[in-house]
Amino acid sequence: MPVWTPRRIAVIIAIACTVTVSACGGSGLFGQQYEYEEELYVQLDGSAIAYVNASVPALVALRGADLNVDPRSRPEREKLRALFSAPGARVTTPTFSRRDGRRFVHVRVDVDDLRHLPRIAPFAWSTYRFERQGDVFAYRQVVGKASGTIVSGAGWKGDEMVSFKMHLPSEIPFNNSPKPVQRGNILQWEQPLADRLAGVPLEIEAQLEPKSILYSTLLLFAGTVVAAALTFAIAIWWVVRKGRKDEVRSST
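Residues numbered from 1 in each chain as written. Predicted model: local features only at pLDDT ≥ 70, side-chain atom pairs only at ≥ 80, totals over all residues. Heavy atoms only, no water.

J.: Can you help me understand the sheet that holds strand β7 (residues 136-143) in this one?
T.: As a general point, the strands of a sheet are linked pairwise by backbone hydrogen bonds and lie either parallel or antiparallel. One open sheet holds the four strands; their spatial order is β6-β7-β11-β9, and the pairing between them is antiparallel. Of all the strands in the sheet, the pair left with one neighbour each is β6 (126-133) and β9 (174-175). Of the strand pairs in this sheet, β6 and β7 are connected by eight bridges, and their pairing is antiparallel. Residue Ser126 lies in a different strand from β7, and its bridge partner there is Val143. (Pairing = 2+ DSSP bridges. Helix = DSSP H or I, 4+ residues; strand = E, 2+ residues; numbered from the N terminus.)

Set out below in structure tokens:
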């Protein structure tokens with residue numbers, strides 16, 4: 001049985017901390033957490049899936065939502081569905097979580113044309129452009145002023161952040177995000193909640209290649225399968241041919 005000396009315990013703790021920091025990219029166990037986050041999955045045909053993950057106070061202060069900010073109140077699912085509803089938009093049932101003494105809402109909206117997102121109240125502070133320009137697709141979003149609704153008792157400390165994240169379907173030859181591209185096709189823009197409340201404008205730009213990464217991946221996968229099949233067939237042919245030669249030699 002090992003002896004748990006203070007030195008041994010310290011070494012184990014140091015290893016655990018190193019593994020944790022490495023796995024999380026140095027951002028802590030859960031990484032950066034946001035008070036308000038819009039996450040957009042874009043397709044080359046212009047359709048999109050939009051997620052909003054936000055505290056109720058942030059949704060009220062930024063987007064003017066008519067919601068009860070008291071975390072002890074009952075979740076207002078129907079109000080949220082109505083808030084995110086619009087012609088051509090498909091809203092999933094909102095879900096909820098808690099953090100820092102506040103209730104957070106999580107909503108998904110599917111649209112056939114991302115340029116129609118401003119028809120949905122929470123996205124109406126942005127203008128969207130998505131069009132073919134020469135050899136690329138150009139995306140541009142300008143996030144404008146917040147609703148300016150006063151919220152008291154939210155428990156904000158002043159260091160809360162807002163995030164706008166995009167998952168793009170193809171290679172990205174240009175973008176104006178101050179952060180590096182994540183996992184090949186994810187872009188992110190951050191802003192302090194205080195700036196977003198003050199209406200400091202945020203401009204989001206990106207260019208996309210017209211061929212999706214999925215299509216290229218499938219072609220690569222298909223090519224790999226064909227190459228493997230050919231190699232396997234050649235190996236079988238060689239074994240059969242060698243066996244026949246051995247039979248001929250043994251018979252003579």
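J.: Whenever I open this one, helix α2 (residues 56-63) confuses me. Can you help?
T.: Turn by turn, an α-helix covers 3.6 residues, leaving residues three or four places apart pointing in a common direction. For α2, the tally of buried residues reaches eight of eight residues, placing the bulk of the element in the interior. Taken residue by residue, α2 has Val56, Pro57, Ala58, Leu59, Val60, Ala61, Leu62 and Arg63 as its buried positions. For α2, the secondary structure elements touched by its buried residues are β1 (36-42), β2 (48-55), α3 (77-83), β5 (102-111), β8 (161-167) and α4 (193-197). Regarding α2, its N-cap is Ser55, as a side-chain oxygen of that residue lies 3.1 Å from the backbone nitrogen of Ala58 further along. (Buried < 20%, exposed > 50% of the residue type's maximum accessible area, 1.4 Å probe, protein only. Contact = heavy atoms within 4.5 Å. Polar contact = N/O pair within 3.5 Å; in protein donor to acceptor, adjacent residues only side chain to side chain.)

J.: Mind showing me how you'd approach the side chain of Ser73 here?
T.: Here Ser73 lies in the loop between α2 and α3. Within the local environment of Ser73, its side chain forms a polar contact with the backbone oxygen of Asp70, the two atoms lying 2.6 Å apart. Setting aside anything within four residues of it in sequence, one finds Ser73 in contact with Asn68 and Arg103.

J.: How should I be thinking about the packing of aromatic side chains in this particular structure?
T.: Here the distance between the centres and the angle between the planes together describe a pair of aromatic rings. Taken as a whole, this structure holds six aromatic pairs when the rule is applied. Ring geometry for Phe130 against Phe137: centres 5.5 Å apart, planes inclined by 10°, an arrangement best described as stacked. No difference in accessibility class separates Phe130 from Phe137, as the two residues are buried. Through successive ring pairs, a cluster of aromatic residues spans Tyr36, Trp125 and Phe164. Here the guanidinium or amino end of Arg132 rests over the ring plane of Phe137, the centre of that ring lying 5.2 Å away. (Phe/Tyr/Trp six-rings, centres within 6.5 Å; stacked < 30°, edge-to-face > 60°. Lys NZ or Arg CZ within 6 Å of the ring centre and 35° of its normal.)

J.: Would you explain the confidence of the model for the chain in this entry?
T.: Low pLDDT marks regions whose predicted coordinates should not be analysed in detail. Mean pLDDT over the chain stands at 83; residues scoring 70 or higher make up 73%. Here residues 6-29 scores under 50 on pLDDT; set against residues more than four positions off or in separate chains, the count is eight contacts. Note on residues 214-227: pLDDT is under 50 here. Beyond four places in sequence and across chains, it has two contacts. (pLDDT = per-residue confidence, 0-100.)

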